[in-house]
Structure formats: structure tokens, C-alpha cells
Amino acid sequence: MIAIITGATGDIGEEFVRKLIGEVDSVWAVGRSENKLSSLKDLFGEKIIPVKVDLSDKDEIFGFCRKIESEKPSIKYLVNNAGTAKLAPVSVFTLEEISDMLDINDKAATLICRACIPYMEKDSYILNIASASAFQPNPYIALYSASKAYLLSFTRSLNVENESITCTAVCPGWVDTKMLPKTNNGKDIKYPGMVTASKVVESALKDCKKGKDVSVCSFYYRYMRFLSKVTPHKTLMKFWVKGIQQYI
Ligand SMILES: NC(=O)c1ccc[n+]([C@@H]2O[C@H](COP(=O)([O-])OP(=O)(O)OC[C@H]3O[C@@H](n4cnc5c(N)ncnc54)[C@H](OP(=O)(O)O)[C@@H]3O)[C@@H](O)[C@H]2O)c1
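## Quick look at the environment of Gly 45
Inspection of the secondary structure assignment puts Gly 45 in the loop between helix 2 (34-44) and strand 3 (48-52). When the 9 C-beta atoms within 10 Å are taken as the criterion, Gly 45 is described as exposed.

Here you go:
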């Protein structure tokens with residue numbers, strides 16, 4: 001019985017490894033850096049099976065899916081956690097950056113879900129790490145936000161299609177990880193309602209075990225989700241842009 005965790009070398013990914021390693025025989029730790037993967041093995045020991053995959057590369061993603069199909073592991077947890085973000089208007093992204101972000105945040109997660117589902121036991125779990133930015137459109141992180149909205153929608157549908165697997169879209173707000181720049185244009189960036197990676201993972205695991213299809217770990221962001229349902233998105237976007245304008 002195994003757990004597959006993508007982005008296992010990142011801050012939230014490492015927390016998933018820490019909290020799941022005791023529940024499974026081994027963890028397939030998926031990452032693109034051999035050095036970081038071997039540090040992870042040094043930290044957690046023999047249960048870590050490093051799997052080097054660059055999730056922006058279609059051939060590597062397909063290769064990984066074929067590895068799952070040929071090894072047919074018994075999968076208890078799939079955590080699609082790898083992701084990438086950039087704060088900037090769409091007009092400054094290169095074509096390659098756009099393509100990579102959508103491939104990593106959406107295409108890879110979708111293909112890996114498809115490859116894993118046949119090998120997932122009854123009462124197993126898929127956790128797709130989306131974001132609170134999925135709840136409304138967010139200019140200047142437009143691509144990131146739209147990619148996470150895809151993941152939220154996809155995961156909730158998957159949860160209905162697969163009765164024996166609980167599929168949970170994990171939607172944290174700001175999390176204190178290396179993904180978030182500390183400064184921009186010389187200014188310290190403030191992140192309202194920021195939480196730790198440990199808190200996100202703890203509440204995601206609690207929520208998936210309760211059968212929830214969405215996990216939002218703090219009251220602040222549960223309230224933001226409520227607002228996104230009852231407030232016109234044009235209004236919410238105005239507030240969002242006002243808040244982040246100083247950093248762009
Ligand atoms: N931090 C936040 O505020 C926040 C909020 C909501 C949602 N999230 C989501 O949480 C997830 C984890 O992010 P994090 O905050 O823990 O950031 P992080 O520490 O930067 O982790 C990101 C992970 O994704 C991996 N990754 C990036 N590009 C990849 C590629 N081409 N191929 C394979 N792996 C790749 C990274 O690998 P390397 O180690 O090699 O770079 C790293 O392991 C992401 O999906 C993110 O969108 C984060």
C-alpha cells in the first residue's frame with residue numbers, strides 16, 4: 001500500500017510525506033530535482049521511493065503514468081501537490097511559462113489521477129492541492145487562479161464519479177512556504193490570514209477522512225469562500241486589485 005505525492009520536495013509536499021509515511025508501506029515521492037529527492041530520502045528513510053519527473057514535460061508525465069500502469073501499485077493516497085505561480089499580468093508571461101504552468105498545475109494532475117484510479121483501493125483518497133484563489137477570478141494571478149479553479153471543479157466531479165475514492169480539493173489561502181515571495185518592488189509583502197503548511201495538511205487529511213470534497217483550513221478563508229458565493233465577482237476583483245496593486 002503506497003502514497004504518491006507530487007511536489008514532495010516542496011514545503012506542503014514534505015508535510016504530506018511527514019504525516020502519511022506512517023500509514024503506508026512506501027511513499028513515491030515525485031519531484032524534478034534528484035538532489036532534493038535524495039535529501040528527502042535522507043530525512044525520512046527507506047520508505048521513500050524517489051521518482052524523478054518534470055511535470056512540465058509531456059513525455060515524462062506519460063512515462064510516469066505508464067510506470068503506474070505497469071507496476072500496478074495498491075494506492076491509498078494520491079496527493080497532486082506540485083504547482084507553480086507567478087504574480088504578473090498575463091501580457092508579460094512568455095508562451096513557455098503559460099504552457100508550463102497549465103501543464104504542471106492541471107494537465108499533470110489530471111493525467112496522474114486517471115493513471116492511479118484503477119489501482120486505488122476502496123476507502124482511498126485523492127487530494128488535489130488547489131487554492132482559495134479558485135473561488136473567484138484574480139487579476140495578476142489570473143493564470144494561477146484559473147488553473148486552480150479547474151482543479152477545484154475537476155476534483156469535485158471526480159469525487160462523484162468514483163464512489164469508493166474520496167476526492168478532495170484542498171483550497172488554502174496564503175501558506176507560509178517558499179512559493180511566496182517575501183518582497184516585491186522593494187516592499188515587504190503582507191499575506192492576510194497566512195497559515196503554516198502543517199496546518200493545511202492536518203486539516204486536509206481530517207477533511208478527506210470525513211468525506212469532504214473541498215477542504216479550506218481556516219475560518220478566514222471559509223468566510224472568503226462564502227463571500228465569493230454571495231458577492232458579484234466584479235466587486236471582489238476590485239478589492240483584490242486594490243490590495244495587491246502596490247506589489248505589481
Ligand atoms: N504557498 C501558498 O500560499 C499556497 C496557497 C494555496 C495553494 N498552494 C499550492 O500548494 C502546492 C504546494 O506549494 P508550496 O506552497 O508548498 O510551494 P513549494 O514549496 O514551492 O512547492 C512546489 C512544489 O512543486 C514542485 N514543482 C514545481 N514545478 C515542477 C515541475 N515542473 N515538475 C515537478 N515538480 C514541480 C516543486 O519542485 P522543486 O522543489 O523542484 O521546485 C515543489 O516540490 C502548490 O500546488 C501551490 O499552488 C500554495
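## As for the site of the ligand
Within the structure, the ligand sits among 28 residues, and Gly 7, Gly 10, Gly 83, Thr 177 and Met 179 are positioned closest to it. Among the elements that make up the shell around the ligand, the one with the highest residue count is helix 1 (residues 11-20) (three residues). Its residues placed into classes, the shell around the ligand shows eleven nonpolar, twelve polar and five charged.

## Focus on helix 3 (residues 58-71)
Over its 14 residues, helix 3 runs 20 Å from end to end, which matches the ideal 20 Å to within 8%, given 1.5 Å per residue. Along helix 3, the residues that are buried comprise Ile 61, Phe 64 and Ile 68. Down the axis of helix 3, the buried side of the element spans an arc of 60°, and every buried residue falls inside it. Facing away from the buried surface of helix 3 by more than 90 degrees, the exposed residues are Asp 59, Phe 62, Gly 63, Arg 66, Glu 69 and Ser 70. Along its buried surface, helix 3 packs onto strand 3 and helix 4 (95-116). Phi turns positive, to about 45°, at Lys 72, one or two residues after helix 3.

## Examining the nonpolar core
The biggest cluster of nonpolar side chains holds 66 residues, and the ones touching the most others in it are Ile 4, Ile 5, Val 27, Ala 29, Leu 78 and Cys 116. Element by element, the count of residues in this core is highest for helix 4, at eight residues. Apart from residues lying up to four places away in sequence, Val 27 is in contact with Ile 2, Ala 3, Ile 5, Val 17, Leu 20, Ile 21, Lys 47, Ile 48 and Ile 49.

## Topic: helix 4
Counted at 1.5 Å a residue, the expected span for helix 4 with its 22 residues is 32 Å, and the 30 Å between its end C-alpha atoms agrees. Approximately 45° is the largest bend angle found in helix 4, and it occurs at Asp 103. For helix 4, every residue scored as buried is listed here: Met 101, Asp 103, Ile 104, Asn 105, Asp 106, Ala 108, Ala 109, Ile 112, Cys 113, Ala 115 and Cys 116. In this structure, the buried side of helix 4 is in contact with strand 1 (2-6), helix 3, strand 4 (75-80), strand 5 (120-129) and helix 5 (142-161).

## Observations regarding the pairing of strand 6 (residues 165-170)
With five of six residues buried, strand 6 is to be regarded as a mostly interior element. Here six bridges tie strand 5 to strand 6, and the two strands are oriented parallel to one another. Directly across from Tyr 125, in strand 6, lies its bridge partner Thr 166. What joins strand 5 to strand 6 is helix 5, and the crossover it makes is right-handed. Examined bridge by bridge, strand 6 and strand 9 (residues 214-215) share two bridges and lie parallel to one another. The residue bridging Ala 169 from the neighbouring strand is Val 214, located in strand 9.

Conventions adopted
For every chain, the first residue of the written sequence is number 1, and numbering continues from 1 along that sequence. With pLDDT at 70 or above as the cut-off, local features in this predicted model cover only qualifying residues; side-chain atom pairs require 80 or more to be listed or tallied, and sums for whole chains, interfaces and linings still use all residues. Counting from the N terminus, the helices are DSSP H or I runs at least four residues long and the strands are E runs at least two residues long. Three exposure classes are used. Buried residues have 20 or more other C-beta atoms within 10 Å of their own C-beta, exposed residues have 12 or fewer, and partly exposed residues fall in between, all C-beta atoms being placed from the backbone. Only the C-beta atom matters for nearness: placed from the backbone, it must lie within 6 Å of the molecule or strand for the residue to count as near. When residues are grouped by polarity, Ala, Val, Leu, Ile, Met, Phe, Trp, Tyr, Cys and Pro land in nonpolar, Asp, Glu, Lys and Arg in charged, and all others, Gly among them, in polar. Expected span of a helix: the number of residues minus one, times 1.5 Å. Here the arc refers to the set of directions running from the helix axis out to each C-beta atom. Here, residues touch in the contact sense if the C-beta positions derived from the backbone fall within 7 Å of one another. Remark: nonpolar core denotes a set of buried Ala, Val, Leu, Ile, Met, Phe, Trp, Tyr and Cys residues whose joining runs through C-beta atoms within 7 Å. At any given residue, the bend is defined as the angle formed between two axes, one fitted to the seven residues that end at that position and one fitted to the seven that begin there. Two strands are counted as paired when DSSP detects at least two bridges linking them. Orienting the strands away from the viewer, one traces the path from the first strand over the helix to the second; a clockwise path indicates a right-handed crossover.

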